[in-house]
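So you can see what is in the structure, the chains are spelled out below.
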Amino acid sequence: MNITQDIDSTYSLRLENGLRVLIVHKQELTTCCVSASVKAGHFFDPSDCPGLAHLLEHMLFMGNVLLPEPNAINELMEQAGGNINAWTGTEFANYHFQVHAQALPRVLPAFAAMLGAPNFDIEQIQSEIKSIDAEFKFKRKDDLRRLYQIHKETANPAHPFAKFSVGNQQTFGQFTTEALQEKLAAFHASLYCASNMTLVIHSPYSVGQLMPWLTQAFEPMPAGKPAALSLPPLYTPEQLGVEIRITPLQAARRMIVTFALPALHLHINTRPLDFISHMLGDEGAGSLFAYLKAKGWITNLIAGSGIEGQGFKDFNINLQLTEAGLAHQADIVSAVFSMIELLKKSASEGWRLQEKAKLNQLARQYDDSHKPLQAMCDLAELHQYFSWQAISEACQREALTSEALIEALSHFIPENLRIKTIAQDLQTDRRCEYYDAAYAISALPAEQLASWQNPPEINAISLPPPNPYIGDSYSLCPLDNRFALPQAIREDKGASFWFCQDHKFRVPKGDVFISFDTPSLAQNIHQVAAKRLWLAGLNDYLQGQFYRAEIAGLHYRIYGHQAGFTLHTRGFSAQQGQLVQKLTRAIHEFEPDPQTFHHVQSMQCQSLQNTLLNKPINRLFSRLSVLIQRNTHAPVELLQAVEQTQFDDVRRVRERAFDYYHLEGLVHGNWTAQAAERIADSVLDINPGAKASPLPRAVAKLPVGRTMIHEVTCDHEDAAVVLYLQAPSNDIWNVAMCMVLEQMLAGSFFTSLRTEKQLGYLVGTGYVPHNQHPGIAFYIQSPTHGPQVLMSHISQFLQQQTREKDFYEGYWPSIQRNLLKQLQDVDLNQSMRSQRIWQGLGANDTQLHRNQQLANTVEAMTFDDIIRYATNMNLNQTFGELVLFSAGKFAPLQTAETDVISNIADFKSKVEFYL
């Protein structure tokens, strides 16, 4: 067995059966992430059985030689403090899990058995076909899925991308269950073998520790043969140089300019598409985006996404259009080609390549996104194409040359163009299969393509200057033990500023939060609507000014909340104080003009209209927040208020906003106390109107002993139900109990109501706090059952659990261990700790004791305590109870009229509130 190591403690090895393994060893880790990539995506589906790879993915969770019961692998991972999931893509399927480190030896054999020795039980095949059909129906009104199917139908029919990949009752129903069982077994035997698989393990264990577990778990897997994949061109000549017109369900005006490329994403040594995306997607002054926005044609531009695989890559430029933009599509594409010509002419300017390399290096060196599981999935797929040595060398060295860039840009030509136009009321002449979306495809005029060969030079478009926000050094400041926990550095009636130094992660980064509690922005829905429009205009105004800061690792958000709005900056601490000062000044100085007002009003109305087309379960949870939080408003009501708002209303509200308000701030990260004080003073100097007390975040107190009912009307055939149980208090005991009960019931609820009873695709539970007040939610969305049936099943489930004491008593120790681990591991990076400190300040937990108090409560809790609490909850003796439902195509929930919330404002005017 050959084992190779690189400088970052990543080891590459191949087991005797041919399984390629990467071991990423980091001794300080407390969790493990594991990803297995199998070259068995939907490209390998038999032509007579589309969706077979997807069905197989489902079946691997339905029992194997080690864990024969359905979903037992899920329960094992939950007991190990983690979770497991999977997806089926084009070329590859991926299976991945994350657990506490000490559990890895226990779960690895089960994971190997899941991949290598599934049962393919007849009854479970039938059950999972229903599950997939529910998933298919759930997505039928999803515009992205409809767009994807049209993409398939307008690609080369000889290419496997054109296959229907999801599967449904119709595609599987043409076979007997026994025939499907044979197909699944043959598909699995052919592709789920060691030579066709890569495995990545990210853990604190050394190679020596892992090897016995690996060999025992995975060497029984047959070697097999690597799957061969020979692909024709993704598009025929007739499918290039075309426009595809699509009518969406949601209100939208979009154009997707696609360049059909060779597999340039696999040029990992040079990564030319990364640089091209960076330049085409620039949003600063002089950019393509800035030019098109100034013309009034677009509101957003994203460059670089698109399907990819062996031998092909779609490079998309996704543009959100205005009404005027819809009429100037040819001019927009012409501007795109003008920008591409500019890139070709400047390809020899080496400093641009070096600057992008520096940004990439900073992003890698100080990456604190803490998404190791996604990174391991990406690495497992990349290892299907490349050796670890090639991947490692590409990561350590930026090698994009002018020649490589020019070669990549040579494919960005009109002949490789496909344009999708997505808008209401377009002329269409066909409907796609399975999703019934209307579209049309036609060749672009030859004279139009010819004109784009030599686009005009546009003086308003230029390449960006050197980025002024990239620092020369990123040093760490000396530690000061006085500020290991947050301390008030400025405080009076109208404003308070806190500082906490980062003593844990020691990265040259930080976060600054500044919250404005502003009475004149929160007293009624008309003020909230005006605030929404003013903030939208402000963010639109700031977008181009601070884009350079964004790409240099200095990020900002300005967003509304119940009592006003918040400014949040994060990233490298160097120059962040200056950014905070500039943004704070802009908040005070920005005044929208009538043109900007009408633009953002149109965009906000479109956004609110689209929320009304969200999935029923999303609508129900959104309405739950509206009912429980006093100063939160329903999108359907807010839409009307935004439509009625006049330009002068926004001006008046904005002027009054800064007369009287409360300011709360936090500086956390890589600063000295003196630097933090300078940031605080610069903000306070700009805010002389900070004289008010903070505003309360009131939460509705649901009545005990009766169930409140509220219907949400949705334009969707599925029915949906949410049962929300509100705890009687927000003290530590009730918070801990709600967290424990939700985790204890989650697995059984999913297994019983989704896997066994097949009630719907979206089934689950959630711990749902509102402004620190705890609660538990149970939810189902179903294409086959009405809300009455769904609610009865939820009620029966909760009643049944009181009779399952022995099961839960055995389950309790692992729940307790996992919850204690979660409470200890809350801060996974510096920015997450900043968020926790900020939330702690809002809950008056200035010493950050809350998680430890919760951990102490969970540790001292007995199983009898849980039984008593759950019994009280189930008998509706102490908990408030609210049922939200959407009937879909079914009869509504039968209710007593006295318990119905028919008018939100009336309900809020009569209900008591927790303050």
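Everything discussed here concerns the structure shown above.
So, here is what we can say about the structure in this document.

Thresholds, definitions, all that
Residues numbered from 1 in each chain as written. Predicted model: local features only at pLDDT ≥ 70, side-chain atom pairs only at ≥ 80, totals over all residues. Heavy atoms only, no water. Helix = DSSP H or I, 4+ residues; strand = E, 2+ residues; numbered from the N terminus. Expected span 1.5 Å × (residues − 1). Polar contact = N/O pair within 3.5 Å; in protein donor to acceptor, adjacent residues only side chain to side chain. Pairing = 2+ DSSP bridges. Axes fitted to C-alpha atoms, helices over the stretch in contact; angles between N-to-C directions. Contact = heavy atoms within 4.5 Å. Buried < 20%, exposed > 50% of the residue type's maximum accessible area, 1.4 Å probe, protein only. 1 Å grid on protein atoms, 1.4 Å probe; cavity = no way out; pocket = protein on both sides within 12 Å on 5 of 7 lines; lining within 4 Å. Points joined across faces, edges and corners; volume = space filled by probe spheres on them. Nonpolar A, V, L, I, M, F, W, Y, C, P; charged D, E, K, R; others polar. Parallel < 35°, antiparallel > 145°, perpendicular 65-115°, else oblique. Left-handed = near helix turned anticlockwise from the far one by under 90°. Phe/Tyr/Trp six-rings, centres within 6.5 Å; stacked < 30°, edge-to-face > 60°.

Looking at helix H18 (residues 525-545)
Here is step 1: If you check H18, its first and last C-alpha atoms are 31 Å apart, about what 21 residues at 1.5 Å a residue would give, namely 30 Å.
Here is step 2: One side-chain oxygen at the N-terminal end of H18 lies 3.0 Å from the backbone nitrogen of His526; it belongs to Asn524.

A look at the sheet that holds strand S23 (residues 707-711)
Here is step 1: With respect to topology, 5 strands assemble into an open sheet ordered S23-S27-S24-S26-S25, the strand pairing being mixed. The sheet is open, and its two edges are formed by S23 and strand S25 (762-767), each paired on a single side. The average undirected angle you get between the axes of adjacent strands in this sheet is 15 degrees.
Here is step 2: Of the pairings in the sheet, the one linking strand S24 (residues 719-726) to strand S26 (residues 775-782) comprises 8 bridges and is antiparallel in character. Looking at the pairing, Val721 lines up with Ile780 of S26.
Here is step 3: Across the sheet, helix H22 (residues 616-628) is in contact with S23, S24, S25, S26 and strand S27 (880-886); its angle to S24 comes to roughly 35 degrees.

Thoughts on the pairing of strand S13 (residues 417-423)
Here is step 1: Across the 7 residues of S13, 7 count as buried, placing the element largely inside the fold.
Here is step 2: In this sheet, S13 lies alongside strand S8 (residues 242-246) in parallel orientation, the contact comprising 5 bridges. Bridging from a neighbouring strand, Ile244 pairs with Lys420 of S13.
Here is step 3: Sheet analysis places strand S9 (residues 253-261) next to S13, joined by 7 bridges and oriented antiparallel.

Regarding empty space enclosed by the protein
Here is step 1: Inspection of every chain in the model, using the stated rule, returns 5 cavities of 30 Å³ or more.
Here is step 2: There is about 90 Å³ of room inside the largest cavity.
Here is step 3: Taken together, 13 residues form the lining of the largest cavity, with His278, Met279, Arg352, Glu355 and Pro464 sitting closest to its centre.
Here is step 4: Mapped by element, the contributors of at least two residues to the lining of the largest cavity are helix H9 (272-280), helix H13 (350-365) and helix H19 (547-551).
Here is step 5: Broken down by element, the residue count for the lining of the largest cavity peaks at 4 residues, all from H13.
Here is step 6: A per-class count over the lining of the largest cavity returns 6 nonpolar, 2 polar and 5 charged.

Section: the packing of helix H26 (residues 732-756) against helix H30 (residues 850-860)
Here is step 1: Packing of H26 against H30 brings their axes to within 9 Å, and their N-to-C directions diverge by 65 degrees. Taken together, the axes of H26 and H30 lie roughly perpendicular to each other. Judged by the twist between their axes, the crossing of H26 over H30 is right-handed. Across the interface between the two elements, Ile732, Trp733, Val735, Ala736, Met739 and Val740 from H26 touch Arg850, Gln853, Leu854, Thr857 and Val858 from H30.
Here is step 2: Along the lines of polarity and charge, the residues of the contact of H26 with H30 split into 8 nonpolar, 2 polar and 1 charged.

Regarding the packing of aromatic side chains
Here is step 1: One pass over the full model with this rule turns up 38 aromatic pairs.
Here is step 2: Here Tyr385 and Phe386 contribute two aromatic rings whose centre-to-centre distance is 6.3 Å and whose plane-to-plane angle is 50 degrees, an arrangement assigned as tilted.
Here is step 3: What makes Tyr385 partly exposed here is its relative accessible area of 28%.
Here is step 4: A ring pair is formed by Phe807 and Tyr811, whose centres lie 5.6 Å apart and whose planes are at 45 degrees; its orientation type is tilted.

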